[in-house]
Amino acid sequence: MLFERGQVAVVTGAGSGIGLALAHAFAREGLSIVLADVQVDALAAATTAIGEHGVQTLARQVDVSKSEQVEALAAAAIERFGRVHVVCNNAGVSPNGDPWMGPISTWEWVMGVNFWGVVHGIRAFLPHMVMSGGGHIVNTASIAGLYPGFAASYDASKHAVVAVSEGLYHSMQSAGLPVGVSCLCPGWVRTGILDSDRNWPAEMGERPPVDPVSEVAMKYVRRAIDEGMTPGVVADLVLDAVRDQKFWVFPHPDFLQIAIDRFHRIEEGVNPVAPEDTPGMPPRSQMMAEMMAAMGMPPA
Ligand SMILES: NC(=O)c1ccc[n+]([C@@H]2O[C@H](COP(=O)([O-])OP(=O)(O)OC[C@H]3O[C@@H](n4cnc5c(N)ncnc54)[C@H](O)[C@@H]3O)[C@@H](O)[C@H]2O)c1
């Protein structure tokens, strides 16, 4: 897809991190930007910053897990600009809390934002894009969408985003509809993702606490994210993918081998093996020893 001044890009989770960088990148190309985020202060600051590119903006507070709010976003965008050319279903959260013993609300929140948010975004904008001549949909998954091992609810939501994106791609291809699809699968990116619970919805009750075992892993994940790729570099790769009609966006190809090794084990019928080495992280055996100590158990 060729970018032209006056085209319109919608970005969810535009208040921070990758979403904010996507908004900047599309604005630099002259596109008008529809910014959606659940966090009002971040949304306001982002809208001011994007306006400085000299493009038109529309800001909406939206919880992407709620279909009616995403539909209202689509209606507002179309009413204001008449057309939407690019939709980035990017808003996402990472969980705290034990997935098996902790509250079920963790699963509901993560699946609500990461999975349902993407489904709602596609369903709200796709009919308009098809009827108005086409466009491009970018779904933010994660490398956690290609192999599990980060946090169970997060992995499940991101596997689902990869599956939804491929399903959408096949549907568009087989029907010959002019809507491109890209699936963004980053590794570590320097954003606010580890502090996702700043947007924990009050209606879901108490915020799940971080358990001591997860705290050990979180310490290292936070370091990896703080030293991770800048969101601007990720956003530039997304723009290249939209321009070139490329489905996969892998900002961190060094993670891919872990997914490939997993599929070799699947082919051979070998039981799952957690990777010993993940880019940016200490060896797994070292982390396991620290986790055993956090549980007050002797080293294995
Ligand atoms: N940072 C990483 O290392 C990394 C790696 C892989 C994938 N991702 C994915 O990138 C996407 C963007 O996250 P980020 O890393 O920029 O984190 P971030 O926390 O900096 O940005 C996420 C944005 O989403 C917004 N948001 C949260 N819940 C929302 C909701 N219910 N409705 C609307 N907006 C909501 C937040 O307010 C925030 O502005 C997410 O889907 C995340 O899973 C991030």
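Now for a description of the structure that goes with this document. (Residues numbered from 1 in each chain as written. Predicted model: local features only at pLDDT ≥ 70, side-chain atom pairs only at ≥ 80, totals over all residues. Heavy atoms only, no water.)

### Points about the packing of helix H1 (residues 17-28) against helix H2 (residues 40-51)
A packed helix pair is summarised by two numbers, namely the angle formed by the two axes and the spacing between the axes.
Then, in step 1: It is the contact of H1 with H2, at a shortest axis distance of 10 Å, that shows an interaxial angle of 20°. Comparing the axis directions of H1 and H2 gives the class roughly parallel. Here the hand of the crossing between H1 and H2 comes out right-handed. The segment H1 lies against H2, with Leu20, Ala23, His24 and Ala27 engaging Ala46, Ala49 and Ile50.
Then, in step 2: Residue composition of the contact of H1 with H2, by class: six nonpolar, one polar and no charged. (Axes fitted to C-alpha atoms, helices over the stretch in contact; angles between N-to-C directions. Helix = DSSP H or I, 4+ residues; strand = E, 2+ residues; numbered from the N terminus. Parallel < 35°, antiparallel > 145°, perpendicular 65-115°, else oblique. Left-handed = near helix turned anticlockwise from the far one by under 90°. Contact = heavy atoms within 4.5 Å. Nonpolar A, V, L, I, M, F, W, Y, C, P; charged D, E, K, R; others polar.)

### Remarks on the layout of surface pockets
Then, in step 1: By volume, the second largest pocket amounts to about 180 Å³.
Then, in step 2: Lining the second largest pocket are Tyr147, Pro148, Ile258, Arg262, Arg265, Ile266, Val270, Asn271, Pro272, Val273, Ala274 and Pro275.
Then, in step 3: Class assignment for the residues of the lining of the second largest pocket results in nine nonpolar, one polar and two charged. (1 Å grid on protein atoms, 1.4 Å probe; cavity = no way out; pocket = protein on both sides within 12 Å on 5 of 7 lines; lining within 4 Å. Points joined across faces, edges and corners; volume = space filled by probe spheres on them.)

### Re the environment of Pro283
Then, in step 1: Looking at the secondary structure, you find Pro283 in the loop between helix H8 (256-268) and helix H9 (284-294).
Then, in step 2: Given the relative accessible area of 33%, Pro283 is considered partly exposed.
Then, in step 3: Not counting residues up to four positions away in its chain, the partners in contact with Pro283 are Glu276 and Asp277. (Buried < 20%, exposed > 50% of the residue type's maximum accessible area, 1.4 Å probe, protein only.)

### Things to note about the site of the ligand
Then, in step 1: For the ligand, the set of nearby residues contains 31 residues, the closest of which are Ser16, Asp37, Tyr154, Val189 and Thr191.
Then, in step 2: Val62 is positioned such that a nitrogen or oxygen atom in its backbone is 3.2 Å from a nitrogen atom of the ligand.
Then, in step 3: Within the backbone of Val189, one N or O atom sits 2.8 Å away from an oxygen atom of the ligand.
Then, in step 4: When isolated, the ligand has an accessible area of 830 Å², and the protein chains bury 97% of it.
Then, in step 5: Residue assignment for the shell around the ligand shows that the elements contributing at least two residues are H1 and helix H5 (152-175).
Then, in step 6: Considered class by class, the residues forming the shell around the ligand number 14 nonpolar, 13 polar and four charged. (Near = heavy atom within 4 Å. Polar contact = N/O pair within 3.5 Å; in protein donor to acceptor, adjacent residues only side chain to side chain. Areas by Shrake-Rupley, 256 points an atom, 1.4 Å probe, with all protein chains shown as cover.)

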